[in-house]
Amino acid sequence: MSDFIDTKKPFSGLSALLYIDAKLVIPIMIITLIGLVTIFSSSSGDLNLVLKQLTRIMIGIITMILIAQVNPDNLKLFAPILYLFTVFLLALVLLFGVGNTADRWLDLYIIRFQPSELMKILVPLMLATFYADKPLPPKVTYILIAILIVLIPVFMIMRQPDLGTALLIGMSGAIAILLAGMSFRFFLAGVFSAASLIPILWLSMHQYQKQRVLTFFNPESDPMGSGYQLMQSKIALGSGGFFGKGFFNGSQSKLGFVPERSTDFIFTAFGEEFGYLGVIILMSMYLFIALRGLSISIKATDNFGRILTGALSLTIFVYVLVNVGMVIGFLPVVGAPLPFMSYGGTSMVTLFATIGMIMSVKSHQRILRK
Amino acid sequence: MKTKARKDSIRKRKNIEEKYSWDRLSDSDHERKSHKARALIATVIVISLFLLYMVKLYRVQVSDHEYYSVKSDSNRIRIRPIQATRGIIYDRKGSILADNISTFNLIVKKELIKDKKDFLKKLGLLVNLDKNIIESIEKQYKNRRLKDITIIEDITLDDYSKIAVDQYILPIIELSPKSKRRYNFPESISHLMGYVGKVSNNDLDSSVVKIHEGMTEIGKLGVERFYQNILSGQPGFEKLETDAKGEVIRILETKEPIRGRDVVLTIDLELQNFIYEKVKKKEGAVIVMNPNNGDVLAFVSFPGYDLNLFTKSISNQQYTDLLNDIRRPLINRATTGQYPPGSTLKPFIGMIALEQGIIDANKHVNCDGAYELGNHKRPFRCWKKDGHGDANLSYALTQSCDVFFYRVAELTGIDSISEHLYKYGFGERTYIDLYGEKSGLIPDRKWKLKTKALPWYPGETLNVGIGQGYFLATPMQLTLATASLATNGETYTPHLLLGDKNNKTNEISVYKHKNNKFSTLFKHPDYLEIVKHAMWRVVNEKRVGTASSMKKIRNIEFAGKTGTAQVYNLDKGKTGTKRLQDHALFISYAPFELPEIVVTVVVENGGGGSATAAPIARDIIEYYMDKKSTSVSMYE
């Protein structure tokens, strides 16, 4: 395992000191920088917004570094407590939440945050912890317990209602369980039984959620409503062309045709101004992060590390696919942010925490092996 | 820090090792391999999905770039036309017939309406909301492309000031300025002027008008239509960049509109109004034309209608009322009304017979009140039951003897009559500068066979000889034909345009009469003199001429010919019964020696030409001669 000792690589000294992984941090830094530039442009030069986002990134980086210091074993210890506490918070949101259409926010007087965002990391963490001391491939009982661990928060978040986040968390849970070694036969059976639940899901969905799904299948049906967003998003991307309209020249985003251009549709705003070339660079960064995460997962020394890093890095990539898929019309508009780019607090901090955990697993192993 | 963490981790590792037996972790090599396989599958899936996305993004961003670029621009860029000021229309003396006034639309921005019911309730306190207005507001409210709702069109500042007093009730309504066409004396000039209205699909298909990008209004009828391309100018535009809400961010480009050219008509407004006041209670047409150049001095089709009704959106009710009006005010009788000319055709029939050598000045026909034709059971009657006795052409014209012309017509024959009537402009449009002119009808054998599938009967020739039967002429054609007599064959295309002027450069272009000069060759000036003298006798020979009982005009003598046309007309009323209607006609020119004007009068159901039509012409001639000294055209 000599490849863990990589003293020749840049920042390796500092990296080792801070338990961070330069191969993960550098692409993330590039993405956040792209995000800041795009927010600056799509807000027509609102420095205030950029500074707020920068502050969140700073908080995120500090969180990431702090978590990277934590020994994975300690992560394991805290996982059940954090998980249960956040389930409790979700219950609070359901009872006393604040927000517009969907009550997702918990007002803690000092900060307002979305417990559902926390769940995005806690579910893979909890599953990795759960499987850490179980022989793999897991027994059916353990799989069922794991599914329960996933479904409890998923249903609570669906009730908020935040279908997008609920599905994403469900997805990250599924990834973790699959990585744990569940047989594909069992998985397929699960998928089919989940598919059979779709009518029930449909009935329990809110009108606007149904509308979005319907619009996804027939965007022209409502060119002024939810189909409008997708249409305008494609127009923005398409009019960007290969080289883009140039920094600060994205008319679609700037003039308000693209909705949520700093948050859910930030990819569109970026693609319009920087073109396919920019998109290649950005998407490659995300791909690199995912592959790096998987590489760490493969080299991890225990099941906890393997499942945690694998699930988390795949989850981040799934977020990217969901967000980008939404703005190019692959998937319905569900309201999912683009990792490390979208304007917003909780998501930025939890994503950095995710990276922090991956790095914690990676860097502590190396030390252990030395 | 490093060592502490290291110690910690080693300690925890030991804890775990103590807690669980090594047996349970002994399978870790298998687990590692199994996980590696799954992670590699995941890697393949990740890369595949990445590639799939990149292909889709390539399609959108690179392959379909052109398509989306156009969409993006059409999203962002709005063209706002700036209407050109329409040219002003003057009469020959410089009086304004049509100009533009600033009016206002009462509008409200849709986004400011929070509660539609409440808005309508408050609006009802300010303006009189009838059903049409509410309907139109609802319609505009639903149209998502509209940002503003026009509540009332064309209100004046005075109207608005009344609303403004109480505007605190509904502060969101506002005025949007616009230019509107205004017609002075809208009824008197209605048929020659026409009006402007919104560009319609018919206009877009029309080949005679040029529709510029952004034009919203267009001349629909009359001079407004015929000189549309001169009057309208060219709209300018503003290329605007707007945001998603439609708010203007900046102006990218501006092109100023080109103002329309001002137009001067040959019409003498005072004369026109004088005539219209005289005849507006009747139905018919009066035309006054200068035969020496074709200038139409007065062009009256009565009754007229209020042109200004059409410049705002005329209500359906008003329009239906006009359409259904039994007096049919929307019909331009001067150029589209086709009448049997009755005895006013006789001078031309006489001329043809003279020129063809059928008759001469001394040819006499005995009139005993009726004319027998071959095997016709009933004789053809003269209007004078007792007959005129022995009559030559001059006397027959003066007395309007029918029998004489029955005979002449029979002798000349329909072929010759129809062929030579074209020479006077009958059977063909006069090409006055108005659209929709009718060409009247000169019947002949071919025509009858074609339209009625019947041969020509000799009796029908007799009817044409006295201007009855199938023969039809418009008042404009009668005017042109009379002019050819008055000027000994020199005629000009009748026209309403005197000239036009570029309002900016003052560049003037005058209508060139010489280009439209036509000569009708008469074989013998003597023949013309016989007819013209007879027309003088009609007016001036006491107790003989059919129009001689009128009061003389001081110092002026004029010539004319009366006509009374009997028409079987299907009354389009509910009864469906046939009603006999007499049209009164009179053609004339004055002064007799050096004609300056030709006056044609047609009064529908007017009774006798001598009793109804001739006095109108006499008064017009008197008025014209009185005012002549003060008549100075803008272009003279």
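Up top you'll find the structure we're talking about.
Everything in this summary refers to the structure shown in the same document.

This part covers the overall build of chain B. Each helix and strand counted, chain B has 24 helices and 23 strands in total. The buried share among the 636 residues of chain B stands at 39%. Of the contacts formed within chain B by residues at least 6 apart in sequence, a portion of 72% connects residues at least 24 apart.

Residue and element names in this part refer to chain B. Judged by how many residues are buried, helix H18 (residues 402-412) sits mostly within the fold: 9 of 11 residues are covered. For H18, every residue scored as buried is listed here: Asp 402, Val 403, Phe 404, Phe 405, Tyr 406, Arg 407, Val 408, Ala 409 and Thr 412. Gly 413 lies just past H18 and shows a positive phi near 90°.

Turning our eyes to something else, we now look at the interface of chain B and chain A. Often, the extent of an interface is quoted as the loss of accessible area upon association of its parts. With 41 residues of chain B at the contact, the number on the chain A side is 47 residues. Going through the elements one at a time, helix H1 (2-19), helix H3 (28-63) and helix H4 (65-76) of chain B are the ones with two or more residues in the side of chain B that touches chain A. Of all the elements, H3(B) adds the most residues to the side of chain B that touches chain A, at 19 residues. Class assignment of the residues belonging to the side of chain B that touches chain A gives a composition of 17 nonpolar, 9 polar and 15 charged.

Regular strands place side chains that alternate from one sheet face to the opposite one. Residue and element names in this part refer to chain B. Among the 8 residues of strand S9 (residues 248-255), 0 are classified as buried, and the element is accordingly described as predominantly exposed. As defined by bridge partners, strand S8 (residues 236-242) adjoins S9 across 6 bridges and the pair is classed as antiparallel. From the neighbouring strand, Glu 238 faces S9, where its bridge partner is Thr 254.

Our next topic: the packing of helix H16 (residues 346-355) of chain B against helix H19 (residues 414-421) of chain B. All names here are of chain B. Interaxial distance between H16 and H19 falls to 10 Å at its minimum, and their mutual angle equals 110°. Accordingly, the angle class assigned to the pair H16 and H19 is roughly perpendicular. Pair H16 / H19 crosses with right-handed handedness. Only Ser 416, Ile 417, His 420 and Leu 421 of H19 make contact with H16, whose side of the interface consists of Phe 348, Ile 349 and Ile 352.

We now examine unusual backbone geometry. Residues and elements named next belong to chain B. The amide bond that connects Phe 302 to the next residue, Pro 303, takes the cis arrangement and shows omega of 0°. The topology assignment puts Pro 303 in the loop between strand S12 (296-302) and helix H13 (308-311). Put simply, Ala 590 and Pro 591 share a cis peptide bond, and its omega is -15°. Within the secondary structure, Pro 591 sits in the loop between strand S22 (578-590) and strand S23 (597-603). The backbone phi angle of Phe 185 is positive, close to 50°, even though this residue is not glycine. Counting through the fold element by element, Phe 185 comes out in the loop between strand S5 (173-183) and helix H8 (190-193).

What counts and what doesn't
- Residues numbered from 1 in each chain as written.
- Chains lettered and ligands numbered in written order.
- Predicted model: local features only at pLDDT ≥ 70, side-chain atom pairs only at ≥ 80, totals over all residues.
- Helix = DSSP H or I, 4+ residues; strand = E, 2+ residues; numbered from the N terminus.
- Buried ≥ 20, exposed ≤ 12 C-beta atoms within 10 Å, placed from the backbone.
- Contact = placed C-beta atoms within 7 Å.
- Nonpolar A, V, L, I, M, F, W, Y, C, P; charged D, E, K, R; others polar.
- Pairing = 2+ DSSP bridges.
- Axes fitted to C-alpha atoms, helices over the stretch in contact; angles between N-to-C directions.
- Parallel < 35°, antiparallel > 145°, perpendicular 65-115°, else oblique.
- Left-handed = near helix turned anticlockwise from the far one by under 90°.

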